[in-house]
Amino acid sequence: MAAPLDMEPSALSLELLPTDPLLLILSFLDYRDLMSCCYLSRRLNQLSSHDPLWKKHCKKYWLISEEEKRQRNQSWKAIFISTYSDLGRYIRYYATLKKAWDDLEKYLGQRCPRMIGSLKESVREEDLDAVEAQIGCKLPDDYRCSFRIHNGQKLVVPGLMGSMALSNHYRSEDLLDIDTAAGGFQQRLGLKQCLPLTFCIHTGLSQYMALESVEGRNKYEIFYQCPDQMARNPSAIDMFITGTSYLEWFTSYVNKVVTGGYPIIRDQIFRYVHDKECVATTGDITVSVSTSFLPELSSVHPPHYFFTYRIRIEMSKDALPEKACQLDSRYWRITNAKGDVEEVQGPGVVGEFPIISPGRVYEYTSCTTFSTTSGYMEGYYTFHCLYYKDKFFNVTIPRFHMVCPTFKVSTARMVSGDAETNHNEYAVDEDEDSTDTDEYEDRRRVLDIPAPSGRCPRHT
C-alpha cells in the first residue's frame, strides 16, 4: 500500500551515518578543519581523534617517520599537536627546510663528513626573539624556521655555503649562527637594516639579507654588496642579487649541492656551475667546462665582471696506449655582450703542459674578466702525440657562457648623479678588453699524472 503523500522523510542524523564513510570524508580535511571538527559534535570529536587521520599530517608538515613515532611512544595526533605547539608558526616552511637540511646532511655525510661536525644545534624560540629585540627588526619566518633546525655553523673552513679558489684568491663562506649574524647587523648608509647570512674569514665577504625595504632594496632580498668605486658617496653600494627570500636562497643552493650541480673537491663544495651541454669530444679526448661569477672581485662602476672557469680534460679509458699525448698550446676566442671579439693564443695552460693518456684526467682553473655583464669563450687546445712526435692535432673547447647575476644600482648614486645608471637591469658600459688570465688558478688536480716541471709565463 502506498505511503500517504503528506508523510515527510525523517531527518538525516550525523549519529546515524556509518563510521567508514565519515572517516573517509575526514581524511580529505586539512589539519585546521580536522581540529575544528572536534568542537562540532561528540561524534565528530570521536572520529577526528582517529589516529590514522593524523599520520599524514605528521608526515606532510613535520616529516615524522614511523621510527621516530616509535621512539616518542605517542599517538600521531599527540605528536602533531605537541610539534605544532612548538613550531606552528613555521608550518608553511618547516617541511621544505627540514627536507633540505636532511638531504644536505645525508649528502655531505658521505662526501664531506668534517663539514657536518661544524653544524650547530637548533636555537630556541626565545633566542630568536632576543635577537629581534637586539637589532630592532623582525626576522622572516623562513629564516627563523631554518635556525630552529640548525643554528648555522662554526666559523671554520670549509664553509657550508661553498668555496672558490684561485692561485692568489680563496673564498669559503660559512653560514653564520644567529648571534654572530646579529653582531654584524648593519645600520650604516648603504647597508641599512641588513643582516649578514654568510661570512668568509679570508676575504671578509658576506651575503646580506635586507630586513626592510630601504635604500632601493626589497624586503628579505639577499645580495652581495658591491661598493661603487667611482662614487664620492661612501653609501653608494650596488648589489648582486642572490635570492628573493631565505627559503628560495637556501633550498636552491642545497638542491645544487645534492644533485651534483656543485662539485666536491678536496672535501669542499665548489660553486662552479656546469652546463651539461657544455661538453666537446674530439677523438678520444673530452673537454667539459664549469663556470662561476666572483662578486668579490667584480664591480658595477667601473664595469669589471670577474668570472672563473674550471676545465676538465679527459681521455677515454678505452683509448689505445699510443694515443697518449701532451698539450702544447691553447687558443681562445672571447666575445663580450657587445659582440666585441678578442683572440688569445699561448703555450700550455696555467704554465703547464699536461700529459693525457687513456683513463687519465687533468683539471685546472683559470679566469677572465669582462666589461659587460656577460660573455662567452670557445677555442681549442693543440696536442702532439707522444708516440708520433711529429703528429699534432687540435681538441675543441666547447663554447661556454658566463653571466653576471641580476644587480641593483645604488640609490645613493642614482640620487646624487655620480654616474649614469641602468637600475634593476644588466648594465653595459664603456668597453674594455677582456683578459684570459691563466696566471690565476687553483692548485691543479691531476689524477695519476706525474707533475710536469717548469712553468711558462703568463701569456694573454
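These figures come from a predicted structure and were not determined experimentally.

### Here we look at the nonpolar core
Of all hydrophobic cores here, the largest spans 62 residues; its most connected members are L108, L139, Y143, L160, Y246 and F250. Considering each element in turn, this core owes the most residues, 7 residues, to helix α7 (residues 94-111). For L108, the contacting residues outside a window of four places in its chain are P113, M115, I116, L160, V257 and I269.

### Considerations on the environment of A210
Along the chain, A210 turns up in strand β6 (residues 207-210). Sequence-wise, A210 and S245 are 35 residues apart; in three dimensions their C-alpha atoms are separated by 9.6 Å.

### Considerations on the sheet that holds strand β4 (residues 194-196)
What the 5 strands build is an open sheet, ordered β4-β6-β7-β8-β20; its pairing is antiparallel. Looking at the sheet topology across the chains shown, the edges are occupied by β4 and β20 (407-408). The pairing of strand β7 (residues 222-227) with strand β8 (residues 237-243) spans 6 bridges and is classified as antiparallel. Across the sheet, residue P227 finds its bridge partner in β8, namely I237. Strands β6, β7 and β8 of the sheet are contacted by helix α12 (residues 246-258), whose axis makes an angle of about 60° with β8.

### Looking at the packing of helix α4 (residues 51-62) against helix α6 (residues 76-87)
With their axes 7 Å apart at the nearest point, α4 and α6 run at an angle of 35° to one another. Crossing of α4 over α6 shows left-handed handedness. For the pair formed by α4 and α6, the contact residues are D51, W54, K55, H57, C58, K59, Y61 and W62 on the first element and W76, K77, I79, F80, T83, Y84 and L87 on the second. Here the residues of the contact of α4 with α6 sort into 9 nonpolar, 2 polar and 4 charged.

### Side note on the confidence of the model for the chain
Confidence in the prediction for the chain averages 86 pLDDT; 86% of positions are at 70 or higher. Predicted confidence for residues 418-433 stays below pLDDT 50, and this span has 45 contacts to residues more than four positions away or in other chains. Across residues 439-460, where pLDDT falls below 50, the model places 60 contacts with residues more than four positions away in sequence or in other chains.

Parameters and conventions
- Residues numbered from 1 in each chain as written.
- Predicted model: local features only at pLDDT ≥ 70, side-chain atom pairs only at ≥ 80, totals over all residues.
- Heavy atoms only, no water.
- Core = buried A, V, L, I, M, F, W, Y, C linked by side-chain atoms within 4.5 Å.
- Buried < 20%, exposed > 50% of the residue type's maximum accessible area, 1.4 Å probe, protein only.
- Helix = DSSP H or I, 4+ residues; strand = E, 2+ residues; numbered from the N terminus.
- Contact = heavy atoms within 4.5 Å.
- Pairing = 2+ DSSP bridges.
- Axes fitted to C-alpha atoms, helices over the stretch in contact; angles between N-to-C directions.
- Left-handed = near helix turned anticlockwise from the far one by under 90°.
- Nonpolar A, V, L, I, M, F, W, Y, C, P; charged D, E, K, R; others polar.
- pLDDT = per-residue confidence, 0-100.

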